[in-house]
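Examination of the molecular architecture
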Amino acid sequence: MFVPRPDIRPATVEVFVEGRPVLVPEGASAAAAVLLAGLPAIRETPVKGAPRLPYCMMGICFDCLAEIDGVANRQACMVTVAPGMRIAAQRGARRARPDAAPEIAA
Amino acid sequence: MRDYDLAVTGAGPAGMAAAMEAASLGLSVLVLDEQPAPGGQVFRAVEAAGCDPALAGEFLDAGAALARDFRAALHPGGEVEYSPRSTLWHVDIATGVISVLREGASEEIRVSRLLLATGAQERPVPIPGWTLPGAMGAGAAQILLKTAGAVPQGPLVIAGQGPLTWLLAVQLLRAGAGPVTLLETGGKGALWDAFRAGGLWTGRRLLTKGLALVREAKRRGLKVVRGVRELRAEGEGRVQRVRWAGGEMACDTLLLHEGVIPSTHVSRALGLEHRWDEAQRCWRPVLDEWGATSHGLVAVAGDGGGIGGWEAATATGRIAAIDAARRLGRLPEAEAERRAAPHRARLAAALALRPFLDRLYAPAPEVLVPRDDATIVCRCEEITAGQVREAARLGATGPNQAKAYLRAGMGPCQGRMCGTTVAALIAAERGIPIGEAGALRPRAPFKPLTVGELAALPLETVA
Amino acid sequence: MTQDVIVVGGGLVGTAIAYGLQKRGLSTVLLDEGDVAHRASRGNFGLVWVQSKGLGAPHYQHWTRGSAGAWPGLAAELAERTGLDTGLHQPGGVHVCLSEEEFEQRAAYMAQLQREAGNLGMEYRMLGHAETAEMLPGIGRAVVGASWTPYDGHASPLYLLRALHAAFHDAGGIYRPNAGVSEGTAAPRDFSVLAGGETHRAPRIVLAAGLGNAALAPRFGLEAPVRPQRGQVLVTERTRQLLPMPTTTIRQTDEGSVMIGDSKEEAGYDSLTQTPEIMRTMARRAVLTFPWIAELNIVRAWSALRVMAPDGLPIYDESERFPGAFTANCHSGVTLAGAHADIFAPMIAAGALTPEMAPFSARRFHDVRSAA
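Bear in mind that the values here come from a model prediction, so they are computed numbers and not experimental data.

**Concerning the packing of helix α1 (residues 13-24) of chain B against helix α9 (residues 310-327) of chain B**
All names here are of chain B. Across the interface, α1 lies against α9 with an axial gap of 7 Å and an inter-helix angle of 35 degrees. In terms of crossing hand, the pair formed by α1 and α9 is right-handed. Residue-level contacts link Pro13, Ala14, Ala17, Ala18, Met20, Glu21 and Ala22 of α1 to Trp310, Ala313, Thr314, Gly317, Arg318, Ala321 and Ile322 of α9. Counted by class, the contact of α1 with α9 contains ten nonpolar, two polar and two charged residues.

**With respect to the domain arrangement of chain C**
Residue and element names in this part refer to chain C. Each domain of chain C was delimited in the assignment, giving domain 1 (5-81 + 157-226 + 311-371), domain 2 (93-150) and domain 3 (227-308). Between domain 1 and domain 2, the C-alpha centre-to-centre distance is 32 Å. Between domain 1 and domain 2, the residue contacts involve twelve residues of the former and 16 residues of the latter. Together domain 1 and domain 2 conceal approximately 1100 Å² of surface at their shared face, both sides included; 52% is due to carbon and sulfur atoms.

**With respect to the packing of aromatic side chains**
Considering all chains together, one arrives at 13 aromatic pairs over all chains under this definition. Look at Phe43(B) and Trp310(B): their rings are 5.2 Å apart centre to centre, the planes differ by 65 degrees, and that puts the pair in the edge-to-face class. On the criterion of sequence distance, the pair formed by Phe43(B) in the loop between β2 (29-32) and α2 (46-49) and Trp310(B) in helix α9 is long-range, its members being 267 residues apart. Ring geometry for Trp192(B) versus Phe195(B): centroids 5.7 Å apart, planes at 55 degrees, classification tilted. You can see Trp192(B) and its partner Phe195(B) sitting in helix α6 (residues 190-197), three residues apart, about one turn around the helix. Taken together, the ring pairs in this structure connect Trp63(C), Tyr316(C), Phe344(C) and Phe360(C) into an aromatic cluster. Directly above the aromatic system of Trp290(B) lies the positively charged group of Arg344(B), at a separation of 4.4 Å from the ring centroid. Cation over ring: Arg379(B) sits above Tyr55(A), and NZ or CZ is 4.1 Å from the ring centre.

**Let's talk about helix α3 (residues 100-117) of chain C**
Side chains that are three or four residues apart share a direction in an α-helix, a result of its 3.6 residues per turn. Residue and element names in this part refer to chain C. For α3, with 18 residues, the first-to-last C-alpha span of 26 Å sits near the 26 Å given by 1.5 Å per residue. For α3, the full list of buried residues reads Phe103, Arg106, Tyr109, Met110, Leu113, Glu116 and Ala117. The arc that holds the buried residues of α3, viewed along the axis, is 150 degrees, so those residues lie on one side. For α3, the exposed residues set more than 90 degrees away from the buried face come down to Glu101, Glu104, Gln105 and Arg115. Among the structural elements, α2 (58-82), β4 (93-97), β5 (125-128) and β6 (145-149) are those in contact with the buried residues of α3. Once α3 finishes, Gly118 follows within two positions and takes phi at roughly 60 degrees, a positive value.

**Some words on the sheet that holds strand β8 (residues 135-137) of chain B**
All names here are of chain B. Spatial strand order, β8-β16-β10-β11-β12: five strands in an open sheet with parallel pairing. Every other strand in the sheet has two partners, leaving β8 and β12 (223-225) as the edge strands with one partner each. Each adjacent strand pair in this sheet contributes to an overall mean axis angle of 25 degrees, direction not counted. Two strands pair when backbone bridges link them, and strand β10 (residues 156-161) and strand β16 (residues 253-258) are joined in this way by six bridges, in the parallel orientation. The residue of β16 that forms the bridge with Gly160 is His257. The strands touched by helix α5 (residues 163-174) are β10, β11 (180-184), β12 and β16; relative to β10, the strand with the most contacts, the crossing angle is about 160 degrees.

**What about the sheet that holds β4(C)?**
Residue and element names in this part refer to chain C. One open sheet accounts for three strands, arranged β4-β6-β5; its pairing is antiparallel. Unpaired on one side and paired on the other, β4 and β5 mark the two borders of the sheet. On average, each strand axis in the sheet is inclined to that of its neighbour by 25 degrees, with strand direction left out of account. Where β4 meets β6, five bridges bridge the pair, whose relative direction is antiparallel. Across the sheet, residue Val94 finds its bridge partner in β6, namely Trp148.

**Regarding the pattern of salt bridges**
Per the counting criterion, the structure on display carries 60 salt bridges over all chains. One salt bridge in this structure joins Glu237(C) and Arg94(A), with 2.5 Å as the shortest N-O distance. Here Glu237(C) is found in strand β13 (residues 227-238), whereas its partner Arg94(A) is found in the loop between β8 (86-91) and α2 (101-105) on a different chain. Across the pair, exposure class does not vary: Glu237(C) and Arg94(A) are buried alike. Notably, a salt bridge pairs Arg238(C) with Glu381(B), separated by 2.3 Å at the nearest N-O pair. In this pair, Arg238(C) is assigned in strand β13 and Glu381(B) in the loop between β21 (376-378) and β22 (383-384), connecting two distinct chains. Residues participating in the shared-partner salt-bridge network are Arg232(B), Glu234(B), Arg241(B), Arg243(B), Glu248(B) and Asp372(B).

**A look at the interface of chain A and chain C**
The extent of an interface is frequently quoted as the accessible surface area lost upon association of the parts. Between chain A and chain C, the contact holds 14 residues from the first and 13 residues from the second. For the pair chain A and chain C, the summed buried area comes to about 1300 Å², and 58% of that belongs to carbon and sulfur atoms. Linking chain A with chain C are three salt bridges, by the criterion used here. In this structure, Arg94(A) and Glu295(C) form a salt bridge, with 3.6 Å as the shortest nitrogen-oxygen distance. Applying the counting criterion to the chain A and chain C interface returns seven residue pairs in polar contact (both at pLDDT 80 or more). Sorting the residues of the side of chain A that touches chain C by element identifies β7 (71-75) and α2 of chain A as the ones contributing at least two each. No other element matches α2(A), which puts three residues into the side of chain A that touches chain C. When its residues are assigned to classes, the side of chain A that touches chain C shows nine nonpolar, one polar and four charged.

Conventions and cut-offs
Residues numbered from 1 in each chain as written. Chains lettered and ligands numbered in written order. Predicted model: local features only at pLDDT ≥ 70, side-chain atom pairs only at ≥ 80, totals over all residues. Heavy atoms only, no water. Axes fitted to C-alpha atoms, helices over the stretch in contact; angles between N-to-C directions. Helix = DSSP H or I, 4+ residues; strand = E, 2+ residues; numbered from the N terminus. Left-handed = near helix turned anticlockwise from the far one by under 90°. Contact = heavy atoms within 4.5 Å. Nonpolar A, V, L, I, M, F, W, Y, C, P; charged D, E, K, R; others polar. Domains from an automatic or database assignment. Buried area = accessible area lost by both parts, 1.4 Å probe. Phe/Tyr/Trp six-rings, centres within 6.5 Å; stacked < 30°, edge-to-face > 60°. Lys NZ or Arg CZ within 6 Å of the ring centre and 35° of its normal. Expected span 1.5 Å × (residues − 1). Buried < 20%, exposed > 50% of the residue type's maximum accessible area, 1.4 Å probe, protein only. Arc of directions from axis to C-beta. Pairing = 2+ DSSP bridges. Salt bridge = Lys/Arg side-chain N within 4 Å of Asp/Glu carboxyl O. Polar contact = N/O pair within 3.5 Å; in protein donor to acceptor, adjacent residues only side chain to side chain.

Here it is, written out as structure tokens:
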């Protein structure tokens, strides 16, 4: 679990981690928001369902894959938080959405 | 199609220095970077970190100055175009056309020269339990401090070795983390071996800096355990304790670090010549004194060409930019030599201490070749050391055949986290040097892009 | 060392044959290259495919159907011997048409294929958009229709390769990596090769070295005029199971990845280059077929070299000058694995190819009588 230091870096951006509001500093990544929210896992692996949290924080390891604003399997450490961002754990393999296809293809 | 004299991938010290030098020589420059702001990993988010006292020192002084100079070179109408949040996913090495993904759209850009300034990544530390939540790279924790001011709560263990372990311990202690324990994995004879490498006088400034860190860490209450072997992380669903031969300790966060290695994913994907560096225990591209690779289009600067630290990176960035101007006919040979000379001198000074550090912090054999068969090697596909050994016995002579057999290196990270370990395991099993086992040959896309981003079809054609 | 058979080439073709020989009691040494080689086997798309094979060449259609039929037995046997699941599924398959013109051409093609099947028969249907939509999830507006046959399927080329290697190993076969053939001598039923610093000798030799056969075959009184044809493949992240059957160019693996194939380019021996234009064309066809594919991430892609004869058909041959020397060349190492292990290998074990293999001989390229 990580904690912020609001006296040094004011936490001003409200995001929703698994539906729960969390305040994080501007410029932080979605992966940082998940760690600050204390989520036990940002994803469960598609192979064995093992829980994972971000490991490298620099776009190398792909262990921080999460569903961000409805988009599956995003590298959360490479996504900067924005007000109102919704971040959810990626549980196993993603879904494809044949019913939502026209919207996707845009 | 847009075109540039020089494209630089990476806005760390090497990339920023190269861009500024190239612009001053009249080259049109495009700087691509995956991050939203310049700095690379060493000076990550240096502009936003402002005056965090925990980061006082080189980061806030030299890093901020470098980013400021780089921004100044970006004045409107200037020669440097900076493209943050941009991912290089393909290079047509024969034509110099590169494919870049930015804001969900892929663009092809023609370049006369490509400089890879992709920096370093932390060496993977495949110990039992390293996939548990709560275990992460030491560099990752430092990035959290730099980008979010965040610090780990509860008992914290930093395990491994290298200058970063001391720097991070100091920064986290300053930021109020604690209690912090450093489990040093270095070997007993390493210090004497390191002294024999020399360079201590030339590198005395860096050495003094390092010793000051050690003193500050101890003053701030860092507990140090030396000679740690057979490290493992344990816990139910997350890290709860760490064990080693002869000891154990409860912890909430385990930060692993065994040094950094060049990020060679792109340079290997381009088929450039690489060699195994036995001193640094990593692959590095074969470069000439200008940073030029085995292919006429591409150069490498900074830690991506071999670990040297940020000061060496700025020097190699400048030298590679001078070479780009020379190759493009914008700078006479003699002038290039003259202009490169001071940077070569800075490079030599910055690298003086490197042989000492390489020996002092050489990773133990068990870091490259996990002993325990159950240890996960490929985090993406969850392939163990035992499975890799079995593949080697079946006949896999290198990581590419092991990948075909096992899927190790086939997940989203494309072998960035397992390639070297797989090769080292095969080498150990077959009794050959790691360099002979070889490296993974990655392919484009260097980073994922969606099928839709690649297809780039308007909605009305499909819906 | 002396063996019953030397098989040159440790890819899908060579290993299937070597396994078929070793399990029939012939001591076999399998010579392979190292970690980095052309290796069409590592680039295979993974179809066990019938409906696009052998127009104008009924012997090839029969051979392909025979192999698809032999596959379930091979998969079961490999699973039993090695514990490895080769991911075989044969639910039938479709070829999707994205224009009226494509659809009409396909209809004519399938009708002709059926006529040429003769007594073997060939069941197929041409499906319109609505019928295709019932069979496949979320097809795009651009899909005009598809051809369907019940014979088609797919498997994991990589697990197949590993399972064949493991089964060959367990049956007592000798595998030699880093053993490209550097020298060879041939006499009737007496062959010797120097490979990886070791000399191997045997009364039979099988050349299954893919593109390497072109240079190797003449030394053993054979010819294998094969050339490389590049193919590129895109692979997405793992996705929950959705596609009930493969199409000619899109399939979902057991792991969940959606594979998008597969281009056909004449580009020499360059297997490293990938071209964004061709990758884009493949992605476009995939999105037009299944618009939902657009949101999936491509995590890897590759190009590889097919082994193509001038007429695109396999070459199977035995040497007239040096009896005991055989060659196998094809670009369908997965589809034909069943035939290689359990139809072709027994012929070699028996000492000669059977008469129905005659149309596959390389003599067809210059001997008008045998081609007739």
